Every structure is written in C-alpha cells, then in structure tokens.
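Chain by chain, the residues run as shown.
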Amino acid sequence: MGPVPAAPTWEQVLADLELETTALQEGLRRGELLAPVTPWHPPVLPPIPAELVARAQALLDQQLRLQIQISLELDRAPAASRPRSANRPDPAPQLVDLKA
C-alpha cells in the first residue's frame with residue numbers, strides 16, 4: 001500500500017478555495033462563465049483557528065459577491081444561451097408544413 005495522504009489543513013483548504021474563487025472571477029471578467037463548478041464538500045477539519053477566521057470571512061464575502069455577479073450575468077444573457085434547468089424538458093419539436 002502507498003502512503004496515506006495527509007489530512008487537509010485549514011490553510012490548504014482556504015488556499016484552494018481562494019485559487020478557485022480567483023479563477024472564477026478572472027473568467028467572469030473575461031466574459032467566460034466557467035461551468036459547471038464542481039460542488040465543494042467541506043473536509044472534516046477541527047474548529048478553525050482564530051487567526052484564520054478573518055481570512056475565511058473575507059473569502060466568504062468575496063464568494064458571495066461573485067455569486068451575485070454571476071447571477072446578474074446569467075440574467076443578462078440571451079435566453080438561448082442560458083443553461084436549461086434539469087427539471088425543465090427540452091421544448092417539443094414543432095413541424096411546419098411549408099407546402100400549405
């Protein structure tokens with residue numbers, strides 16, 4: 001068996017989330033909505049150290065602002081380019097009799 005990977009630390013988790021958030025912001029700035037974003041599931045970690053709370057809160061605020069920006073961009077996008085909801089089926093094809 002290979003070595004067991006080390007458990008993530010708060011420093012690593014915050015650094016990874018900061019990189020992903022920055023990449024999404026850059027994509028949005030360039031007009032590229034990067035999708036789909038892989039859902040994030042928090043790893044099992046001990047309570048966050050007090051010295052990282054401000055950094056985590058700043059990251060959360062940054063992500064919330066980004067979420068609002070992406071929502072606004074999606075609202076402005078033409079309907080044809082918007083992603084379809086999984087629970088909304090594709091429209092049924094319409095047949096047109098061009099000889100009539």
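See above for the structure.
Here is what the cut-offs are and how they apply
Residues numbered from 1 in each chain as written. Predicted model: local features only at pLDDT ≥ 70, side-chain atom pairs only at ≥ 80, totals over all residues. Heavy atoms only, no water. Helix = DSSP H or I, 4+ residues; strand = E, 2+ residues; numbered from the N terminus. Expected span 1.5 Å × (residues − 1). Buried < 20%, exposed > 50% of the residue type's maximum accessible area, 1.4 Å probe, protein only. Arc of directions from axis to C-beta. Contact = heavy atoms within 4.5 Å. Salt bridge = Lys/Arg side-chain N within 4 Å of Asp/Glu carboxyl O.

J.: Break down helix α1 (residues 10–29) for me, with residues and values.
T.: Taking 1.5 Å of rise per residue, the 20 residues of α1 would be expected to cover 28 Å, and the 28 Å separating its terminal C-alpha atoms lies within 8% of that figure. Taken together, the buried positions of α1 are Val13, Leu14, Leu17, Thr21, Leu24, Gly27 and Leu28. Projected onto a plane normal to the axis of α1, the buried residues spread over an arc of 155 degrees and lie on a single side. Turned more than 90 degrees off the buried face of α1, the exposed positions are Asp16, Leu19 and Arg29. Contacts made by the buried residues of α1 are with α2 (53–76). Looking one or two residues beyond α1, the residue adopting positive phi is Gly31, at roughly 85 degrees.

J.: Describe the pattern of salt bridges, and please don't skip the residues or the numbers.
T.: Scanning the model with the defined rule gives four salt bridges in all. For the salt bridge of Glu11 with Arg55, the shortest nitrogen-to-oxygen distance reads 2.8 Å. You can see Glu11 sitting in helix α1 and its partner Arg55 sitting in helix α2, a full 44 residues away along the chain. For Glu11, a relative accessible area of 42% gives the class partly exposed. Assessed through its relative accessible area of 25%, Arg55 is described here as partly exposed. Through salt bridges with shared partners, a single network forms among Glu11, Glu18 and Arg55.

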